[in-house]
Amino acid sequence: MRAIEITAPGGPEVLQACERPAPVPKAGELLIAVQASGINRPDVLQRKGLYPMPPGVSDLPGLEIAGTVAGGSAEDLAVAGLALGDAVCALVAGGGYAEFCVAPAGQCLPVPRGLTMIEAASLPETCFTVWQNVFSIARLQAGETLLVQGGSSGIGVTAIQLAKALGAQVIVTAGSDAKCAACLAIGADHAINYRTQDFATEVKRITGGKGANVILDMVAGDYLGREFACAAEDGRIAVIAVQGGTASQIDAGLLLRKRLTLTGSTLRPRTVAYKTVIAQELKAQAWPLIESGRVKPVIHQVFAADKAAEAHALMESSTHVGKIVLSWV
Ligand SMILES: NC(=O)c1ccc[n+]([C@@H]2O[C@H](COP(=O)([O-])OP(=O)(O)OC[C@H]3O[C@@H](n4cnc5c(N)ncnc54)[C@H](OP(=O)(O)O)[C@@H]3O)[C@@H](O)[C@H]2O)c1
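Source: prediction; values computed, not measured.

1. Quick look at the overall build of the chain
From N to C terminus, the chain includes 11 helices and 15 strands. Taking 20 Å as the expected radius of gyration for a compact globule of 329 residues, we find that the chain reaches 19 Å, a close match to that expectation. For the chain, the spread of C-alpha atoms along the three principal axes comes to 55 × 40 × 35 Å. Per-residue burial over the chain gives 51% buried out of 329 residues. At a minimum sequence separation of 6, the contacts of the chain that also span at least 24 residues come to 68%.

Below, the structure is given as structure tokens:
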């Protein structure tokens, strides 16, 4: 099969097309003939040598795919509720930049009705991550306020739409006025240009002093202290990345007085059983929102798979809004 491999840690140019044997599904896995592979910022970290794959996982990058079911036992097909030839999208721990990929049956979901393979490939990583952090861990409720740092990211556009569809008010930050406008068009209620405004001051102003009930943070660093300042009482802050650095100064007095909860997580090393539960929740609660058009994939650009280096360069330029996807067909 054709695949894209990381030849050495480094810049986008280390992504090279190659030929590899197609993987063989083990018990518990389905084989997928891949038509599209989503790109995520963790792939960039892996390419740089900063995010090694978990033990036993393919060295090929790629955390999400869409295609058709090409193999798997009757038992595993039943677990996924799929048949050979069905359109499928899946969360994988690696190996997604390839024409064939194996995925745990419990992490496979049907392509939502009406979506293209490109759109379906853009869903798993952000839907699983947002669902886990915003809804399962931070328990965002209808009527509450969610602050999304990085609203125009792949993660951000998913968080905005799912939270709005489930009845929350959404405030985002983004690094330009154009990106703020894009977030508002996607459904955010308020967008703050973090380069020209202090988000903590703005969040307090927008919420009439109450603050945000849930904060999805992909920055950390000096953002954490400011998030403590603009979180509501009983606020929940879920950290999913440390783009602003790992050292933070927080006011522990605020932690106590506001009864804040601070959590952190990475999805990739979690067990198949854990991800299977998220998949089931997504299928029941998020997939109907996607099929009804209330939550829409936001595709910034599609690249032919052999242009993966260009796709990574685009992601690192941070000029995109939403998702970048590779096509194999
Ligand atoms: N923990 C997990 O399980 C998990 C899973 C998936 C992704 N992630 C992380 O989630 C983040 C988003 O992933 P993605 O694939 O959606 O990447 P992406 O589309 O490349 O988005 C990165 C975003 O970070 C924003 N950003 C950078 N510095 C910022 C700052 N100081 N303030 C506010 N926003 C800032 C950028 O906004 P501007 O361009 O406007 O500056 C951009 O929107 C990445 O850091 C990724 O590693 C974590």
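2. So, the nonpolar core
Of all hydrophobic cores here, the largest spans 107 residues; its most connected members are I32, V134 and L146. For this core, the domains that each give at least three residues are domain 1 (2-123 + 269-327) and domain 2 (127-264). Ignoring sequence-local partners within four residues, the contact set of I32 consists of I65, G67, V69, A70, V88, A90, F100, C101 and A103.

3. Here's the deal with the pairing of strand β9 (residues 169-174)
With 5 of 6 residues buried, β9 is to be regarded as a mostly interior element. Taking the sense of rotation as the criterion, the β-α-β connection linking strand β8 (residues 145-148), helix α5 (residues 154-165) and β9 turns out right-handed. Judged from the 4 bridges that link them, β9 and strand β10 (residues 190-193) form a sheet pairing that is parallel. By the bridge assignment for β10, V172 is matched with A191.

4. What about the sheet that holds strand β13 (residues 261-264)?
Within the open sheet, the 6 strands sit side by side as β10-β9-β8-β11-β12-β13. Their pairing is parallel. With one partner strand each, in any of the chains shown, β10 and β13 form the two edges of the open sheet. Along the sheet, successive strands turn relative to each other by an average axial angle of 15°, direction set aside. The sheet contacts of helix α6 (residues 177-186) involve β9 and β10, and relative to β10 the element is tilted by about 165°.

5. What to know about the packing of helix α4 (residues 124-137) against α5
It is at 9 Å that the axes of α4 and α5 come closest, and there the two elements cross at 60°. With respect to each other, α4 and α5 are oriented oblique. Read as a crossing pair, α4 and α5 show a hand that is right-handed. Along the contact surface, α4 presents T126, C127, T129, V130 and V134, while α5 presents G154, I155, T158, A159, L162 and A163. Across the contact of α4 with α5, the residue classes tally to 7 nonpolar, 4 polar and no charged.

6. Remarks on the site of the ligand
Taken together, 28 residues are adjacent to the ligand, and G150, S153, G154, G175 and A241 come closest. Sorting the residues of the shell around the ligand by element identifies α1 (41-47), α4, α5 and β9 as the ones contributing at least two each. Per element, the largest residue contribution to the shell around the ligand is 3 residues, and it comes from α5. For the shell around the ligand, the per-class residue count stands at 10 nonpolar, 15 polar and 3 charged. The two domains that each donate at least three residues to the shell around the ligand are domain 1 (2-123 + 269-327) and domain 2 (127-264).

7. Looking at the domain arrangement of the chain
Parsing the chain into structural domains produces domain 1 (2-123 + 269-327) and domain 2 (127-264). Distance between the C-alpha centres of domain 1 and domain 2: 26 Å. Across the contact, 16 residues belong to domain 1 and 13 residues belong to domain 2. In terms of residue count, the dominant contributor to the side of domain 1 that touches domain 2 is helix α10 (residues 272-291) (6 residues). Grouping the constituent residues of the side of domain 1 that touches domain 2 by class yields 9 nonpolar, 2 polar and 5 charged.

8. Section: the packing of α4 against α10
Contact pair α4 / α10: the axes reach a minimum separation of 10 Å and the direction vectors enclose 95°. Classed by the angle they form, the pair α4 and α10 counts as roughly perpendicular. Here α4 contributes C127, F128, W131 and Q132 to the contact with α10, which in turn contributes K275, I278, E281, L282 and A286. Classifying every residue of the contact of α4 with α10 gives 6 nonpolar, 1 polar and 2 charged.

9. Quick word on α4
Maximal helix bending in α4 amounts to about 30°, located at W131. Burial analysis of α4 places 12 of its 14 residues in the buried class, which makes it a mostly covered element. Residues P124, E125, T126, C127, F128, T129, V130, W131, Q132, N133, V134 and F135 constitute the buried set of α4. Trailing α4 by a residue or two, R139 shows a phi angle of about 50°, which is positive.

10. Details of α6
Taken as a whole, α6 has its buried residues at K179, C180, A182, C183 and I186. For α6, the angular spread of the buried residues around the axis is 160°, confining them to a single face. Residues of α6 that are exposed and point over 90 degrees away from its buried face: D177 and A185. Buried positions along α6 lie against α5, β9 and β10. Of the residues one or two after α6, G187 is the one with positive phi, at around 135°.

Calculation notes
- Residues numbered from 1 in each chain as written.
- Predicted model: local features only at pLDDT ≥ 70, side-chain atom pairs only at ≥ 80, totals over all residues.
- Helix = DSSP H or I, 4+ residues; strand = E, 2+ residues; numbered from the N terminus.
- Rg over C-alpha atoms; globule rule 2.2 N^0.38 Å.
- Buried ≥ 20, exposed ≤ 12 C-beta atoms within 10 Å, placed from the backbone.
- Contact = placed C-beta atoms within 7 Å.
- Core = buried A, V, L, I, M, F, W, Y, C linked by C-beta atoms within 7 Å.
- Domains from an automatic or database assignment.
- Right-handed = clockwise from strand over helix to strand, strands pointing away.
- Pairing = 2+ DSSP bridges.
- Axes fitted to C-alpha atoms, helices over the stretch in contact; angles between N-to-C directions.
- Parallel < 35°, antiparallel > 145°, perpendicular 65-115°, else oblique.
- Left-handed = near helix turned anticlockwise from the far one by under 90°.
- Nonpolar A, V, L, I, M, F, W, Y, C, P; charged D, E, K, R; others polar.
- Near = placed C-beta within 6 Å.
- Bend = angle between axes of the 7 residues up to and from the residue.
- Arc of directions from axis to C-beta.

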